[in-house]
Amino acid sequence: MTQHTTPGAEASAEDEPALTVDELAARAGVTVRTVRFYGTRGLLPPPAIGPRRVGRYGEEHLSRLALIEELQSHGMTLAAIERYLSRLPPDLTAQDLAIHRALVASWVPDSAEEATRGQLERRVGRKLSDTDLDRLAAMGVLVRTEETDVLRIDPGLLHLGARLLDVPLSLDAILAARTVMVEHTRSAARELSRLFREEVWDSPGGGEPEPERLARTKSLSAHMQPLVVQALVTAFQRSMKEELGTWLGDDERGGAQDRRNGQSERNGRGDRREGNA
């Protein structure tokens, strides 16, 4: 039986692409011609071929387009972007690509775009209920303005926020998670700033003039920020894996032990039956 996909529907899994080239272009905010051009340059993997030889694209393609857009906003040429993407592992998931984009976007000055509700829906490829807007606002993706139909959007968070709409978390849980992240990242930033200040500003300067000391502090900050962000992301990923391993791994080990105990019990019953025979 042929499975039909409604326009704008997303794949149920990353290995089941569901977007046509027109839908992908609309979601990414680019033209179909741009999508095809990136494909010929090798910046996008080829689509999966569905019924009637129609190409289907998935979340990985959308994440790659978002990353390319971010790299271009930094002034990188297509040749430089090709080299950047060629150095990435070939098995990166859409989530991995989103992390890369977040690292790149972290060096772009804060900016916001205004869009109507209809324009936002075309960008995310779905109808948005009032509850969806509340969830996006809780994640910091958008802010409502005084004009009823105008929203102020953070383009760096929009794609991630749209994906999180399908995550089964309550609005209270999203707000709590955002509070945790803001508080802990602010605490880390405060402690790192203190270390930098003690290392540069409060260190014996031998009578160094204040303007020179200020310039040296700014230079250190500019060099350290990319390294700090990468270190924080890496540390967080490893910590999450450890926490999930502790939580889920115990269950898995317990289940495996239950299965082993069950098998031993069955073997014992079999041995007893053979002895009785």
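Peer 1: Hey, could you go over the pattern of salt bridges for me, with residue numbers and the actual values?
Peer 2: For the structure shown, the criterion picks out 9 salt bridges. Across the pair Glu-114 and Arg-152 runs a salt bridge, and its minimum N-O distance is 3.2 Å. Of this pair, Glu-114 sits in strand β3 (residues 113-116) while Arg-152 sits in strand β5 (residues 150-153), and the two are 38 residues apart along the sequence. By relative accessible area, Arg-152 is classed as partly exposed at 36%. Asp-166 is paired through a salt bridge with Arg-126; the nearest N and O atoms lie 3.1 Å apart. Of this pair, Asp-166 sits in the loop between α8 (155-164) and α9 (171-201) while Arg-126 sits in the loop between α6 (117-124) and α7 (130-138), and the two are 40 residues apart along the sequence. With a relative accessible area of 25%, Arg-126 lands in the partly exposed category.

Peer 1: Lay out the side chain of Arg-135 in plain terms, naming residues and giving numbers.
Peer 2: Within the secondary structure, Arg-135 sits in helix α7. Although buried, Arg-135 forms no salt bridge, and the nearest oppositely charged side chain, Asp-132, lies 5.0 Å from it. Within the structure, the side chain of Arg-135 is placed 2.4 Å from the backbone oxygen of Leu-169, a separation counted as a polar contact. Those residues in contact with Arg-135 that lie beyond four places of it in its chain are Leu-164, Leu-165, Val-167, Leu-169, Ser-170, Leu-171 and Ile-174.

Peer 1: Which residues make up the packing of aromatic side chains, and what values do they have?
Peer 2: Applying the stated criterion across every chain yields a total of 1 aromatic pair. Plain terms: the ring middles of Phe-37 and Tyr-38 are 6.2 Å apart, the flat faces sit at 45° to each other, and that makes the pair tilted. Looking at Phe-37, the relative accessible area reads 37%, which means it is partly exposed.

Peer 1: Tell me what's going on with unusual backbone geometry, and back it up with residues and numbers.
Peer 2: With glycine set apart, most residues show a phi of negative sign, and most peptide bonds adopt trans. The backbone of Arg-52 sits at a positive phi, close to 60°, despite the residue not being glycine. With respect to the element layout, Arg-52 can be found in the loop between β1 (48-49) and β2 (55-56). In this model, Arg-53 sits at a positive phi of 60°, which is unusual for a non-glycine residue. Mapping Arg-53 onto the fold places it in the loop between β1 and β2.

Peer 1: Before we move on, could you go through the confidence of the model for the chain and cite the residues and values that matter?
Peer 2: Across the chain, the average pLDDT comes to 76, with 76% of residues at 70 or higher. When pLDDT is averaged over each helix and strand of the chain, the minimum, 65, is found for helix α10 (residues 210-276) and the maximum, 93, for helix α2 (residues 32-40). Below a pLDDT of 50 lies the segment residues 251-260, which in the model reaches 1 contact outside its immediate sequence neighbourhood of four places, other chains included. A low-confidence stretch, residues 271-277 (pLDDT under 50), is modelled with 0 contacts involving residues beyond four sequence positions or located in other chains.

Peer 1: A description of the packing of helix α3 (residues 59-73) against helix α4 (residues 78-86) should follow, citing residues and the corresponding values.
Peer 2: Running from N to C, α3 and α4 cross one another at 130°; their axes reach a closest spacing of 10 Å. The pairing of α3 with α4 is recorded here as oblique in orientation. Note that α3 runs across α4; the crossing there is right-handed. Along its contact with α3, which presents Arg-64, Leu-67, Ile-68, Leu-71 and Gln-72, the element α4 presents Leu-78, Ile-81, Tyr-84 and Leu-85. When the residues that make up the contact of α3 with α4 are grouped by side-chain class, the tally is 7 nonpolar, 1 polar and 1 charged.

Reading the values: the criteria
The numbers attached to residues start from 1 for each chain and follow its sequence in the written order. For this predicted model, a pLDDT threshold of at least 70 governs which residues receive local features, and a threshold of 80 or more governs which side-chain atom pairs are given and counted, while totals over whole chains, interfaces and linings are taken from all residues. With hydrogens and water excluded, all non-hydrogen atoms of the structure serve as input to the side-chain values. Salt bridges are identified by distance alone: a Lys or Arg side-chain nitrogen within 4 Å of an Asp or Glu carboxyl oxygen. Only DSSP runs of H or I covering at least 4 residues are called helices, and only runs of E covering at least 2 are called strands; the numbering of each starts at the N terminus. Here's how the labels work: a residue is buried when its accessible area is under 20% of the maximum for its type, exposed when over 50%, partly exposed in between, all with a 1.4 Å probe on protein chains only. Just so you know, the count uses Lys and Arg for positive and Asp and Glu for negative, and it drops His and the chain ends. Any pair of nitrogen or oxygen atoms within 3.5 Å is treated as a polar contact; in protein, a donor-acceptor pairing is required on top of that, and neighbouring residues in sequence qualify only through side-chain atoms on both sides. Working rule for contacts: check all heavy atoms of both residues, and any pair within 4.5 Å makes them a contact. Ring pairs shown here join Phe, Tyr and Trp side chains whose ring centres sit within 6.5 Å, with only the six-membered ring taken for Trp; geometry is labelled stacked below 30 degrees between planes, edge-to-face above 60, and tilted in between. Looking at any residue, its pLDDT shows the predictor's confidence there, from 0 to 100. Angles here are taken between N-to-C directions and fall from 0 to 180 degrees, while the axes themselves are lines fitted to C-alpha atoms, restricted in helices to the stretch in contact. Note on terminology: angles under 35 degrees are roughly parallel, angles over 145 are roughly antiparallel, angles of 65 to 115 are roughly perpendicular, and the others are oblique. By definition, any crossing whose near helix is turned counterclockwise from its far helix by less than a right angle is left-handed, and any crossing with a clockwise turn is right-handed. Under the scheme applied here, ten amino acids are nonpolar (Ala, Val, Leu, Ile, Met, Phe, Trp, Tyr, Cys and Pro), four are charged (Asp, Glu, Lys and Arg), and all others, including Gly, are polar.

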